[in-house]
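Remarks on the overall topology
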Amino acid sequence: MSAEPFDVVVIGSGAAGGTAAYALTRRGARVCLLEAGRDYDPSAETPMFARNADAPLRGASTPDKFFGYYDATVGGGWDVPGEPYSAAPGTEFRWWRARMLGGRTNHWGRVTLRYAAHDFKAASIDGLGADWPFDYREFSPWYDRAERLIGVIGRNDGLDDAPDSPPGILQPPPVPRSHERLIVAAGRKLGRPVVANRAAVLTRPIDGRAACIYATPCLRGCSIRANFQSTTVLLPAARATGRLHTLTGAMASEIALDREGRATGVHYVDTATGAHRFVAARAVMLGASAMESVRLLLNSGGSRFPGGIGADSGALGRYVMDSVGSNLWAQFPQMENLPPFNDDGIWFPHVYIPWWGLAEQRAGRLDFPRGYHIELYGGRMEPAADTFDLLDEVAPGRYGKSLKQAARRYYGSFVRLSQRGEPVALARNRVEIDPRGSDRFGIPTLRFDVRWSEHELKQTAHAQKSMAEFIVAAGGRVLGDPRQDPARAILSPGRVIHEVGGARAGSSPKESVTNSYGRVWAVPNLYVIDGAVFPSSAHKNPTLTIVGFAWRASEHLAEHLGRA
Amino acid sequence: MHDRREVIARLLRVLAAGALLPALPAPLGAAAERADPQDAAEAGALGYGRDPNLLAPSVPWPLLLDAKLRPTVARLADLMLPADERSPSASALGVPEFIDEWISAPYPQQAEDRRLILDGLRQLDLAAGGSFATVDESAAVALLDQLCEPGGCRDPLAARFVACFRRICLIGYYTTPAGVAELGYVGYQPAAHFEGPPPQVLRRLGV
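Below is a summary of the structure that appears in this document. All chains use their own residue numbering, which begins from 1 and follows the written sequence. For naming, the first written chain is A and the first written ligand is 1, with later ones following in the order written. Under the rules for a predicted model, residues below a pLDDT of 70 receive no local features and side-chain atom pairs below 80 are neither given nor counted, while totals for whole chains, interfaces and linings still include all residues. Based on all heavy atoms of the structure, the side-chain values leave hydrogens and waters out of the count.

Take the overall build of chain B next. Counting its regular elements, chain B contains nine helices and zero strands. Comment: elements are numbered from the N terminus, with helices defined as DSSP H or I runs of at least four residues and strands as E runs of at least two. Sequence-ordered secondary structure for chain B, helices as α and strands as β, is α-α-α-α-α-α-α-α-α. Accessible area is worked out with a 1.4 Å probe on protein chains only. A residue is then buried under 20% of its type maximum, exposed over 50%, and partly exposed in between. A buried classification covers 52% of the 207 residues belonging to chain B. Here, residues are in contact when the closest pair of their heavy atoms is within 4.5 Å. Counted over contacts in chain B with a minimum sequence separation of 6, partners at least 24 positions apart contribute 75%. Accessible surface area values rest on a Shrake-Rupley calculation with a 1.4 Å probe, where residue burial reflects the displayed protein chains alone. A total accessible area of about 9,000 Å² is found for chain B, and carbon and sulfur atoms account for 58% of it.

Below, the structure written as structure tokens:
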């Protein structure tokens, strides 16, 4: 393999690596794609239309399949056998991984929100953390391209926190479901926006991909390619150029450097045999997922870069973030005993509550610096193992015919509101190599030390209160206590699976690991292109920004390779 | 066959003593330390793993419910979800078999449920002086009334047992095609458009 003349080795095949493979091969580059997990073919493997009745434990969450039996994730979960990680005493970090071609794009929630101008420059506004090394005007063409390629539904609502896309890009969103209409009405009452969700799913066919058929959950993946997965959109196009070579079961262990400090290729372990191998290339792109990319930087560099490639900046492994999350459950009497009707839709939320507090925040009237949005889940979904988890709360102590009456009455009337907020990037929130840890390949593992600050706790207190206001205004009742201690309501870091940072991009090698293109300051032919480069993490789910960043970085590298 | 009034009296006495479960020889919570062949079987059992065949699902773990407890499970499941004018009983929809699948699974949540369920079932049988399955309807109803009543069990473990058993019954019943139909779920139909809720539903919602 080392004899093959590759232009670029790309590590990781998800949103970042898949985009790089797509963009680079289109520009004529010969790419070797390393994926730690197994090959995966959504057209042959997706259990569309399989029913919970046929799954072990009726599809209930287990440590093997946390999101249910049919979830697309292969070889992964909150822990990966033989690939441990740890957390500093008194802290908890949950790290979701996948070991499959396409990575976590096969399973993700597909919420696809653009950063607004202020999201790239939050530090200039409130003095916390760091700005991105470019602004919205410079980055928005990459959002346009990314949205066109992956396919996004939504509407241009002209909101200050949710930039419009150019005309002709967004596809028509479906009308709201029943429970979502209650929240839309509550928004009108409260004077707060509730708008069409932006989600990476087609309602009109493009590029040979079918439109959504409004049936079967998207977390399983999509064999008709209606939603965006690296394996249905990016990798087939890259493969079609004839310039993509994919190595699955290839766990990268170290980036190789020559005496001048330039990357020469990547050492990896063949996961089937344990054999150590090497693949050479003119350039290397790291899209292994934020924390795996940081781990590779920490584990590389040798004596030339003690502490890892990019450690001299003081930023490597630091400013680790996850979206701030908390949930509040509601029950809606209007939704009891409804007649049968199909409310499946596109599986993801059809509407969401964007952040409405920007002006208030600017005026100093809120006690937390960064915003959040609210997502809606629940309603009349396919009966599953968790459908009646809350039945005891509204109909305690039932058995017999009265239990069956309660099941019929309350089915579909439970709704979950979920806060998704922006954290503040702090240097103290970090990952480092665990001096006592290594995985089954002998590669040193990560230790997380990430704690929420008062910023996230105050935001969560506000979000719990806001979610309760929405529920009450919609005529529902809140299950649980929304005024509970935010430290108990907030999800542990990592739980939202938006972990980013650790190798932030910036405008100076003194405080960042890469430049604005993800090019590592110290190693000019090494790029970091995934969530690791995020200097801040707006409340908007990171995937769209990762795709845009990776595409922009790949074009930059393609110019550099001189194969334009 | 035990005298009906005697059985009711004994069941209620056990409850009135403040504890259905610890009143009996094998206290709940001791299960973990007990040399139980079922726990031994559990030790070697494997789950379906991180990469099961999603197109041909199967349950790889051995079932642990012994023959003596099966009628007890069926009786209690049918008390939880009996046949009515709209739908069949729990046992007619395979709920006892599902309970066996659930409590036999080698995962932490199911292992915790297993200890609670098996101890609870055994002690119901002991309190019934043989098998709870043979207790007559009025005795069973008297017991369930008290077990299910919020605050009705002074023993929190008895309350947990009944809540756990009910939860597993609900899963086993309402994920079957008949259960799904009874709830009025009619999705999973591929369509070119999403029509949204029909007018009569929108009227009910008041939107």
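What follows is about the interface of chain A and chain B. Taken together, the 78 residues of chain A in the interface contact 69 residues of chain B. By buried area we mean the combined loss of accessible area, with a 1.4 Å probe, across both parts when two parts are placed together. Carbon and sulfur atoms supply 64% of the area buried between chain A and chain B, which totals about 6,000 Å² over both sides. Asp64(A) is the partner of Arg50(B) in a salt bridge, and the nearest nitrogen-oxygen pair spans 2.9 Å. Pairs of N or O atoms are called polar contacts if they sit within 3.5 Å, as long as, within protein, a hydrogen donor faces a hydrogen acceptor (for residues adjacent in sequence, only side-chain-to-side-chain pairs). Linking chain A with chain B are 33 residue pairs in polar contact (both at pLDDT 80 or more). Taken together, the elements giving at least two residues each to the side of chain A that touches chain B come down to α2 (42-45), α6 (178-190), α10 (391-394) and α11 (401-410) of chain A. With five residues, α11(A) is the largest single contributor of residues to the side of chain A that touches chain B. For the side of chain A that touches chain B, a count of residues per class yields 40 nonpolar, 15 polar and 23 charged. A side-chain nitrogen of Lys or Arg and a carboxyl oxygen of Asp or Glu constitute a salt bridge if their distance falls within 4 Å. Polar here means any residue other than Ala, Val, Leu, Ile, Met, Phe, Trp, Tyr, Cys and Pro, which are nonpolar, and Asp, Glu, Lys and Arg, which are charged; Gly is therefore polar.

A separate point is the packing of helix α4 (residues 95-104) of chain B against helix α7 (residues 156-174) of chain B. All names here are of chain B. Direction vectors running N to C along α4 and α7 enclose 115°, while the axes themselves pass 9 Å from each other. Between α4 and α7 the crossing geometry is right-handed. Along the contact surface, α4 presents Val-95, Phe-98, Ile-99, Trp-102 and Ile-103, while α7 presents Phe-165, Arg-167, Ile-168, Cys-169, Ile-171, Gly-172 and Tyr-173. The angle between two axes is taken between their N-to-C directions and runs from 0 to 180 degrees, where each axis is a line fitted to C-alpha atoms and a helix contributes only its stretch in contact. Handedness of each helix crossing follows the sense of rotation of the near helix against the far helix: counterclockwise by less than a right angle gives left-handed, clockwise gives right-handed.

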